[in-house]
Amino acid sequence: MTSAAREGSPDSRAAFQVDLHGVVDLLARHLYSSPRVYLRELLQNGVDALTARRLLPGLAAPEGGGRILLTPCADGSLEVRDDGVGLTGAEAVELLATIGRSSKRDADLGAGREEFLGQFGIGLLSAFMVAETIELVSRSARQPDAAPVRWLGHADGRYELGEISPDDPDVPTGGGSLVRLHPRRDMEHWLAAETVVALAEDVGGLLPVPVLVATTLEDGSPVQRRVSATALPWSPSATAPAAREQGLVAYAERTLGFTPLARIDLDLPLAGLTGVAYVLPGALAPTSTAHHRVYLRRMLLSSSVPDLLPPWAFFVRCVVDVAALRPTASREGLYDDEVLVATRDALGRQVRAWLLATLAEPSPLATTFLRTHHLAVRALALQDDEMLDLATQVLPFESTLGPTTLADAAERLAGERLLFTTDLEEFRRLAPVASAQGLLLVNGGYVYDDDLLTRVAARFPAWRLARVTADDVAHTLEEVEPLRELEVTEALTGATAALTSADCEVVLRRFEPTSLPALLLRDAEGDHARAAAATVAAADDLWGGIVAGLTAPAKPRRLVLNDDNTTVRALLAGAPGPVRDAGVHALYVTSLLASGRPLNDGESRLLDGALRTLLDGALAAPTTTDPAAPPREGDAR
Ligand SMILES: Nc1ncnc2c1ncn2[C@@H]1O[C@H](COP(=O)(O)OP(=O)(O)OP(=O)(O)O)[C@@H](O)[C@H]1O
C-alpha cells in the first residue's frame, strides 16, 4: 500500500487537532448571549454537586444539610463554595480538563441524568467570559481520604492541576468545592457584590437549596444573606388563600414588572410543570410575541422563552417550573421537540378553560378582560367553535345603536339582515346617517373580524349576516320630490363633472341629521351598478329617463348631498362656475375626512384649491356696511 493510499485510507486513525484557545473563546463568548450566565452555571454546578452527594449511596449528608455560599472578595475575585460531592484528583483530570465531559451523564459518578441541571460538560467554561482564571479547589466526599486538589484553568486553554495539603485554608473541610474566579480586565463589575446579589436572586431565587451571599452591613460587620426562597411562590402552602394571592401578585410585580388583571394556575404533572399564567393589565398587539419566565428544576432558564403557549394566548405571561423540557446547550431556551409541542397544547387548554369559565358569567373581571383583551378572544374564536359561540354572546361590537353582541343584534333584528362593515373608515362614514335612520350597522373593522364574521355567518345562517353595501344605506335615505329633482338636475350634473377626477357621482337625498351636508358611499363591488340598472328597468317611462340620468354611468363612489341641509341648498342654488365647483370639492373632501383616514396628496390638493377659490371669492366680494350702524371699537374714525 502506498503512503498516499495509507493516509487516505478509511482505516487510518487520527484525532482532530483542537485549538483550545479558540474552543474556549467560542464556547465562553459566542454560545451564551450575555456574561451574566456565568453565575447561573456556577450555581448550577453547586446544586448538582449537592444533589450528587444526596443521591449517591452511602455518603454522609453535609453539616447543616448543605448550602452554596457566594463571597465577593475585596481583591475583586469571587468565591463560590458548595458542600457537594467534590472531586478527586483523577476525576478533576477527567472532568475539568476535557471539554464536553460531564459527570452528569456518567453512570458511576452521576445517579441519573434527569436529576441534574447540567449535562453538556461546557458550563464551567462560561466563567471565562468574566474571568482570566478559574480556580477549583475540591475535596471528594466519596473518598474523604483522597488528597484535595487544586485545578487552575486559564482562558487560553492551559491548566495546572495538583494535589494540595488538607490543611490549605481553601479546602472545604467536610467535602465539597470552592470555585474562585479572578476577573478579566474590564469585567470586574460582573464579580462585584451588588451584581452577584442581583444575579443570584434572579437566577437562583427559587432554588431548593440555601444560596447565601456573604456581604457586609453598613457598619462593616459581615453577614450572610439568603437569596433563595424556601418554596415556590405558587405552591399550595399553609398560608390562607388571600395571603397566597397577595404573594403571587407581589411576585409578578417584582419579577415581571406589572400588576396582573388575573392569574391562572398551571399544573401539568406529566411534564413536571407547575406555575402561573398572569393576565396582562393592558392590551398588546396580537402580532407581539409573548415571552415567559421558565425555571428548569427551579433554576432560571430564561425570562424570555417564546412558544410556551399557543399564539392566541398573547395576553398572558407565564412563570413556570418544569422538569421534563429540554434546554438548549446555552440553557437560554427550550429545545423545540414533541414534548414542548405537547406541553404547549396542554397549557393552551388550561388557559382556554379559564377563559371560557371567566367569560361564561357576567362579572367585573369578564367586562375588564373583554375590554382589554377582546383581540385574544377574537383570535381564539377563529379556530375554536365553543369560543366562537361564546364570543357571539359576550363580545361587544361597536354598532350604530351602541355596543352590542352579535346575538343581541340578531335578536333585535328578528330575521332582518344583520349588516356589518369590514373596515373602520366605512363604519365611521356611514354611522351618523345609519344611526339617524335607525339602521343597525355593526363595525366589523377590527383585526380578525372579517374572518370571524364569515365564521359566524356560516354557523348562524338564520342571523343573515351580510356586509353592508352602498345601496343598503342609500335605500334608507328619502328621495327628493320629482319637481325638486328636476330643478337641480343641472347643478347635480355639474357637481358630478366637478368630481370626475375622483370618479364620483353626486346625487341628492333627504336625511337625518340635517346638520350633515353630505355622505360619501363607496361601491367597490359594483352593487350600485346592478341596483341602478334594476331601478331604471323598474321605473316608468316618465321618470325612467331622470333616474337613468342620475344613476348612470355607475361610478364607484357616490356623494349623497342632503337636501335638508342649508349649505347644500345654497350650493345648489348657486350659479355654475369655479366657486360652486369649489363648494362641491370641499363637501367631497370633508365627507372623506369623516372616515378618520388621512387625506392623500391629490385629496389634500383638492381641498387646498377649493378653500383658496372660496376665500378669493369671499375676499373679492364687496363688503356691505350699514351706514347707520355705530362705529365698532377699533374702527378707524
Ligand atoms: N462545584 C463542583 N463540584 C463538583 N464537580 C464539579 C463542580 N463544578 C464542575 N464539576 C465537574 O465538572 C464537570 C464539568 O462541569 P461543566 O459545568 O463544564 O458542565 P456540566 O455541569 O456537566 O454540564 P453543562 O454544560 O450542562 O453545565 C461537571 O460534570 C462536574 O463533574
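As named in an unreviewed UniProt entry, the protein chain is HSP90 family protein, taken from Flavimobilis rhizosphaerae. In UniProt, the protein chain has this text filed under Sequence similarities (unreviewed entry): "Belongs to the heat shock protein 90 family."

Looking only at helices and strands, the protein chain has 20 helices and 20 strands in total. Taking all 637 residues of the protein chain together, the buried fraction comes to 37%. For the protein chain, contacts bridging at least 24 residues in sequence account for 67% of all contacts bridging at least 6.

So, on to the pairing of strand E5 (residues 159-163). When strand E4 (residues 149-154) meets E5, the two strands line up antiparallel, connected through 5 bridges. Looking across to E5, one finds that Arg150 is bridged to Gly162. From the end of E4 to the start of E5, which pair antiparallel, there are 4 residues, and Gly157 there has a positive phi angle of about 100°.

As a further point, take the pairing of strand E18 (residues 504-510). The pairing of strand E17 (residues 478-479) with E18 spans 2 bridges and is classified as antiparallel. Paired with Glu479 across the two strands is Arg509, which belongs to E18. Alignment of E18 against strand E20 (residues 557-562), held across 6 bridges, turns out to be parallel. Residue pairing for E20: Arg509 is matched across the bridge by Asn562.

The ligand sits among 24 residues. The nearest are Asn45, Ser102, Ser103, Gly118 and Gly123. Among the secondary structure elements, those contributing two or more residues to the shell around the ligand are helix H3 (37-55), helix H4 (89-96) and strand E6 (176-183). Among the elements that take part in the shell around the ligand, H3 stands out by supplying 5 residues, more than any other. Among the residues making up the shell around the ligand, the classes are represented as 9 nonpolar, 12 polar and 3 charged.

Within a sheet, adjacent strands bond to each other through the backbone by hydrogen bonds, running parallel or antiparallel. Sheet architecture is open: 5 strands sit in the order E9-E10-E13-E11-E12, paired in mixed fashion. With one partner strand each, in any of the chains shown, strand E9 (262-268) and strand E12 (299-305) form the two edges of the open sheet. When the angles between neighbouring strand axes are averaged without regard to direction, this sheet yields 15°. Of the strand pairs in this sheet, strand E10 (residues 273-279) and strand E13 (residues 316-322) are connected by 6 bridges, and their pairing is antiparallel. Directly across from Val276, in E13, lies its bridge partner Val319.

Moving on, we come to the packing of helix H15 (residues 489-498) against helix H19 (residues 578-593). Two numbers describe how H15 lies on H19: the axes approach to 9 Å, and their chain directions differ by 65°. Classified by the interaxial angle, the pair formed by H15 and H19 is roughly perpendicular. Crossing geometry of H15 relative to H19 is assigned as right-handed. Between H15 and H19, the residues in contact are Gly494, Ala495 and Ala498 and Arg580, Asp581, Val584 and His585, respectively. When its residues are assigned to classes, the contact of H15 with H19 shows 3 nonpolar, 2 polar and 2 charged.

Next up on the list: the nonpolar core. Core analysis: the largest hydrophobic core is formed by 153 residues, its most contacted members being Leu43, Ala127, Ala200, Val316, Leu441 and Leu559. At 9 residues, the largest contribution of residues to this core is made by H3. When near neighbours in sequence (up to four residues on either side) are disregarded, Ala127 contacts Tyr38, Glu41, Leu42, Ile134 and Leu181.

As a further point, take the sheet that holds strand E16 (residues 465-467). Across the sheet, which stays open at both edges, the 3 strands sit in the order E15-E14-E16 with parallel pairing between neighbours. With one partner strand each, in any of the chains shown, strand E15 (441-443) and E16 form the two edges of the open sheet. Across the sheet, the axes of successive neighbouring strands diverge by a mean angle of 40°, strand direction being ignored. Sheet topology note: the strand E14 (residues 418-421)/E16 ladder contains 3 bridges and is parallel. Considered in E16, the bridge of Leu419 is made with Ala466.

Cut-offs and rules
Residues numbered from 1 in each chain as written. Predicted model: local features only at pLDDT ≥ 70, side-chain atom pairs only at ≥ 80, totals over all residues. UniProt positions renumbered as here; feature names shortened; annotations may be inferred. Helix = DSSP H or I, 4+ residues; strand = E, 2+ residues; numbered from the N terminus. Buried ≥ 20, exposed ≤ 12 C-beta atoms within 10 Å, placed from the backbone. Contact = placed C-beta atoms within 7 Å. Pairing = 2+ DSSP bridges. Near = placed C-beta within 6 Å. Nonpolar A, V, L, I, M, F, W, Y, C, P; charged D, E, K, R; others polar. Axes fitted to C-alpha atoms, helices over the stretch in contact; angles between N-to-C directions. Parallel < 35°, antiparallel > 145°, perpendicular 65-115°, else oblique. Left-handed = near helix turned anticlockwise from the far one by under 90°. Core = buried A, V, L, I, M, F, W, Y, C linked by C-beta atoms within 7 Å.

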